[in-house]
Amino acid sequence: MTTRYSFGGDEHLFVECSEEMSLEAFFKSLSMVNGVRESGIRGVTEICPANASFQIKFDPDTIHPDDLLKEVRAIEGAAEKAEPVIKTRIVEIPVFYNDPWTHETLMRFRERHQDPNGTDLEYAARINNYASVREFIAAHSGSPWFVSMVGFVAGLPFMYQMVERRRQIEVPKYLRPRTDTPRLTVGHGGCFGCIYSVRGAGGYQMFGITPMPIFDPTQTTSYLSDFMVFFRPGDIVKFKSIDREAYDQAVEDVDHSRFAPPIREVSFDLAEFHKDIDGYNAKLEGMLYGG
Amino acid sequence: MAVKVLHHGLATTVQDLGRPGYFHLGIPVGGAMDRYSMRAANLLVGNDEGAAGLEAVFLGPKLEFTEDALVAVTGADMPAKVDGVLQPGWTAFKVEAGQVLSFDFLKSGARICIAVSGGIDVPVALGSRSTYPIGALGGFKGRPIAAGDVLPVGPGSLASEGRTVAEELRRKPGTPAELRVIPGLYWHRLTAEAQQNFFADEWRVAPEADRMGYRFRGGRKLEFVERQQPFGAGSDPSNIVDSCYPYGSIQVPGGTEPIILHRDAVSGGGYFMVGTVISADMDLIGQLQPHTPTRFVEVTMEEALAARAEQAALFEKLRRSMNWQ
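Residue positions are given per chain, counted from 1 along the sequence in the order it is written. Each chain takes a letter, starting from A, and each ligand takes a number, starting from 1, following the order in which they are written. This being a predicted model, a pLDDT of at least 70 is required before a residue's local features are given, and a value of 80 or more before pairs of side-chain atoms are given or counted; all residues contribute to the totals for chains, interfaces and linings. Values shown for side chains rest on all heavy atoms present in the structure; no hydrogens or waters enter the calculation.

**A few points about the overall build of chain A**
For clarity, the threshold we go by: Each helix is a run of DSSP H or I of at least 4 residues and each strand a run of E of at least 2, with the numbering of both proceeding from the N terminus. In this scheme, a residue with accessible area under 20% of its type's maximum is buried, one over 50% is exposed, and one in between is partly exposed, where area comes from a 1.4 Å probe on protein chains only. Any two residues having at least one pair of non-hydrogen atoms within 4.5 Å are treated as being in contact. Note on areas: Shrake-Rupley with a 1.4 Å probe; residue coverage comes only from the protein chains shown. The charge count treats Lys and Arg as positive and Asp and Glu as negative. His and the chain ends do not count. Note on charges: their place is set at NZ of Lys, CZ of Arg, CG of Asp or CD of Glu.
Summing up its helical and strand segments, chain A has eight helices and 12 strands in all. Classification of the 291 residues of chain A by burial places 60% in the buried group. Here the contacts in chain A between residues at least 6 apart in sequence split such that 65% fall between residues at least 24 apart. Split by element, the accessible area of chain A, about 11,900 Å² in all, is 49% carbon and sulfur. Here chain A contributes 31 positive and 42 negative side-chain charges, whose respective centroids are spaced 2 Å apart.

Pasting the structure below:
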């Protein structure tokens, strides 16, 4: 993993920890982000972590870009030695797969898709070698996902599937992006899953919809009253497949401030995870649903 | 004090100097596209330069005032009228209770900044009054203004009537527009020939140009250095593992049409970027109309910092000129 530095104009320093995605690259980026934050370098106004890279916004009137670069480079060595362990939380997100709203939308934009004669789910199942959509959904909701970036638009999580690389779901984005995506669509592009926090344009394949708002600028949703954005990098997500009845019930619960997503505090240890991925995931799930 | 919206124009939003600090969650800085003009408009009417005003693109709104106020219109050349009487641009003029502020057709530029003495007093959201329509955040109910809205205005003073910004302190894009760029980020993905073409070709602003991003057309397609795509990036050669996007960064999906991200930028995504427009030239982009011929001009970091200092000096001169009157 070679770290690459490049300036984004005169106000941003872009740091790519790895060209390809892996949890190792995420943790290296996270350690460097923490290192930069803790070092309190003057002139740094904002730090944005991404999947395998991050970006520092700075005020060049306060610090010369070359001096900033020197200070950030000095952090790299220590960050590489940091233990890839974090305290985080695991949350269950209900998903109504194959729902009528994303289905209506994907039919409207069929000419922009690789497979105009099928659905996004049928296409994703086929190219990932699943015998049926049902099996594909079982895989999608069968393992946890790691939030490796929050962004694009307000509060949208990018999620990395916590399985061996050969089992990771991979799909291309739409040939041309859609101009519309229902709010709370569960999507997938490249190796990343996402939840569209707001309605709008999008290029990811659409698999389903969650009844659980993850961005609320009015902060009236019970679990978003402290802050309008739900996700943070490092969160672990477990999808649960639900039917129409459960979806409608959950929407009603959200509207009446009764909806409370199951959330548990957990710690995540990358080395332990790699020793036995399925065993580690089972333990995480045990913590989510256990006492 | 309030302003009644009789007609909204095309897309008129409440903007100030933005809400820095939430880009890591996908919430962009926002604020006036042409910050220099918004700051100038505020100073003209005696406001703090970070007060909220209105930004209107291509077509001005029609506004009725409930009390006397000072107004200044800066940025694009789109003459203001009070009860039909033309008013000078970049100058503080009075609008009396019951009078209507409207606008003539756009003559040059793209966006006007309208400052009202006292500032548009919508609630502050995450430290700013700027409108972020996609997130329904800030501004007037999180959306562009509409006919029937009543915009609250803070307490202001009428003292600076007649105050004006000298012609040489008004900044406009040239013809063709020149945007200075520091190449970088994923610049190395382009072949040497494509790198040359990017700066040699004349581009034109596409109709898809808004507060999120400005798209350009007309240059030659950019060719990529061949490689095996990294895991997680996606199959197109213009794809990368989703990363952050700097403000002003230029992405070129498929190598065909450059898009410069602006104040309401998406914070990240999976398209490679060839470089970034320097901070000193960001304001100019907001004044480009569709079809404007545009050249990208390669500069070094030192040149970018010099241009930034020049802009700061220009604004300082403007600020001093206000205090003298």
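**Quick look at the packing of aromatic side chains**
Worth spelling out the cut-off: Each pair of aromatic rings taken from Phe, Tyr and Trp, with Trp reduced to its six-membered ring, is defined by centres within 6.5 Å and is described as stacked if the planes are under 30 degrees apart, edge-to-face if over 60, and tilted in the remaining cases. Charge-over-ring placement is defined geometrically: NZ (Lys) or CZ (Arg) within 6 Å of the ring centre, and within 35 degrees of the ring normal.
A full pass over the atoms with the stated rule returns 31 aromatic pairs over all chains. An angle of 85° between the planes, with centres 4.9 Å apart, marks the rings of Phe230 of chain A and Phe231 of chain A as edge-to-face. For the pair Phe230 of chain A and Phe231 of chain A, a shared accessibility class is recorded, and that class is buried. Taking 4.8 Å as the distance between ring centres and 5° as the angle between the ring planes, the aromatic pair formed by Phe198 of chain B and Phe296 of chain B counts as stacked. Of the two residues, Phe198 of chain B sits in helix H2 (residues 192-200) while Phe296 of chain B sits in strand E20 (residues 293-298), which places them 98 residues apart along the sequence. An identical accessibility class is assigned to Phe198 of chain B and Phe296 of chain B; each is buried. Linked through ring pairs, Phe26, Phe27, Phe146, Phe268, Phe273 and Tyr280 of chain A together constitute an aromatic cluster. The ring of Tyr186 of chain B has Arg4 of chain A sitting right over it, with the charged end atom 4.8 Å from the ring centre. The ring of Tyr271 of chain B carries Lys173 of chain A above its face, with NZ or CZ at 5.4 Å from the centroid.

**Here's the deal with helix H1 (residues 23-39) of chain A**
All names here are of chain A. Let me state the cut-off plainly: Working rule for helices: expected span equals 1.5 Å times residues minus one.
Here H1 is 17 residues long and its end C-alpha atoms lie 24 Å apart, about the 24 Å a rise of 1.5 Å per residue gives. Buried residues dominate H1, accounting for 12 of its 17 residues. If you check which residues of H1 are buried, you get Leu23, Ala25, Phe26, Phe27, Lys28, Ser29, Leu30, Ser31, Met32, Val33, Gly35 and Val36. Where H1 ends, the next residue or the one after it, Gly40, has phi of about 55°, a positive value.

**Points about the interface of chain A and chain B**
The following threshold applies: Buried area, as used here, totals the accessible surface that two parts lose on assembly, with accessibility defined by a 1.4 Å probe and the loss added over both. A side-chain nitrogen of Lys or Arg and a carboxyl oxygen of Asp or Glu constitute a salt bridge if their distance falls within 4 Å.
Facing the 53 residues of chain A at the interface are 44 residues of chain B. The junction of chain A with chain B conceals about 3,900 Å² of combined surface from both sides, 62% of it contributed by carbon and sulfur atoms. Three residues, Asp10, Glu19 and Phe152 of chain A, lead the burial of chain A against chain B; their summed loss comes to 14% of the area buried on that side. Inspection of the region where chain A meets chain B yields five salt bridges.

**Here we look at unusual backbone geometry**
A cis amide bond links Thr175 of chain B to the next residue, Pro176 of chain B, at an omega of -10°. Residue position: Pro176 of chain B is located in the loop between strand E11 (150-152) and strand E12 (177-183). With a phi angle near 55°, Ser257 of chain A is a residue other than glycine that sits in the positive phi range. Topologically, Ser257 of chain A is positioned in the loop between helix H6 (244-255) and strand E12 (263-269). On the accessibility criterion, Ser257 of chain A (42% relative accessible area) is partly exposed.

**Structural notes on the environment of Tyr174 of chain A**
Residue and element names in this part refer to chain A. Counting through the fold element by element, Tyr174 comes out in the loop between strand E7 (157-161) and strand E8 (185-189). By relative accessible area, which is 5% here, Tyr174 ends up buried. Along the backbone, Tyr174 and Pro211 are 37 residues apart, and their C-alpha atoms lie at a distance of 24 Å. Other than its neighbours up to four places away in sequence, Tyr174 contacts Leu106, Phe109, Arg110, Arg112, His113, Gln114, Asp120, Gly203, Tyr204, Gln205 and Met206.

**What to know about the pattern of salt bridges**
Under the defined criterion, the tally for this structure stands at 42 salt bridges over all chains. A network of salt bridges, in which partner residues are shared, links Asp10, Glu11, Lys57, Asp59 and Asp61 of chain A together with Arg308 of chain B.

**Here we look at a nonpolar patch on the surface**
Residue and element names in this part refer to chain B. Keep this limit in mind: By definition, no residue in a patch forms a salt bridge, and every one has over 30% relative accessible area; like charges are joined within 9 Å, nonpolar side chains (Val, Leu, Ile, Met, Phe, Trp, Tyr) within 5 Å.
A surface patch of nonpolar side chains, amounting to about 320 Å² of accessible area, comprises Leu10, Leu59 and Phe105. By secondary structure assignment, the location of Phe105 is in the loop between strand E9 (100-103) and strand E10 (108-116). Exposure remark for Phe105: the relative accessible area of 63% places this residue in the exposed category.

**Thoughts on the sheet that holds E9 of chain B**
All names here are of chain B. As a reminder of what qualifies: Two strands are said to pair when DSSP picks up at least two bridges between them. Orientation is described by lines fitted to C-alpha atoms, with helices fitted over the stretch in contact, and by angles between N-to-C directions that extend from 0 to 180 degrees.
Read from one edge of the open sheet, six strands run E7-E6-E9-E4-E1-E11, paired in antiparallel fashion. Looking at which strands have only one partner, the edges of the open sheet turn out to be strand E7 (85-87) and E11. Across this sheet, the average inter-strand angle for adjacent strands is 30°, counted without regard to direction. The pairing of strand E6 (residues 80-82) with E9 spans three bridges and is classified as antiparallel. Across the sheet, Lys81 pairs through a bridge with Ser102, a residue of E9.

**Remarks on the confidence of the model for chain B**
The test is simple: The predictor rates its confidence in each residue with pLDDT, a number between 0 and 100.
In this model, chain B carries an average pLDDT of 96, and 99% of its residues clear a pLDDT of 70 or more. The complex prediction reports pTM at 0.96, with the ipTM value standing at 0.96.

**Some remarks on the packing of H1 of chain A against helix H2 (residues 65-81) of chain A**
All names here are of chain A. Spelled out, the test is: Any angle that is under 35 degrees is reported as roughly parallel, and any over 145 degrees as roughly antiparallel; angles of 65 to 115 degrees are reported as roughly perpendicular and all others as oblique. Here a crossing is taken to be left-handed if its near helix is turned anticlockwise relative to the far helix by less than a right angle, and right-handed if that turn runs clockwise. Polarity classes work like this: nonpolar for Ala, Val, Leu, Ile, Met, Phe, Trp, Tyr, Cys and Pro, charged for Asp, Glu, Lys and Arg, and polar for all others, with Gly in that last group.
Contact geometry of H1 with H2 gives a least axis separation of 9 Å together with a crossing angle of 125°. With respect to each other, H1 and H2 are oriented oblique. The chirality of how H1 crosses H2 is right-handed. Only Val72, Ile75, Glu76, Ala79 and Glu80 of H2 make contact with H1, whose side of the interface consists of Lys28, Ser31, Met32, Gly35, Val36 and Ser39. Here the contact of H1 with H2 is composed, by residue class, of five nonpolar, three polar and three charged.

**Regarding the sheet that holds strand E16 (residues 249-251) of chain B**
All names here are of chain B. Ordered in space as E12-E19-E16-E17-E14-E13-E20, the seven strands form a closed barrel in which the pairing is mixed. Each strand axis lies, on average, 40° off the axis of its neighbour in the sheet, ignoring direction. In terms of strand pairing, strand E13 (residues 203-209) meets strand E14 (residues 213-217) through three bridges, oriented antiparallel. Residue pairing across strands places Arg204 opposite Arg217, the latter belonging to E14. Here H2 sits on the sheet in contact with E12, E13, E16, strand E19 (273-277) and E20, set at roughly 125° to E20.

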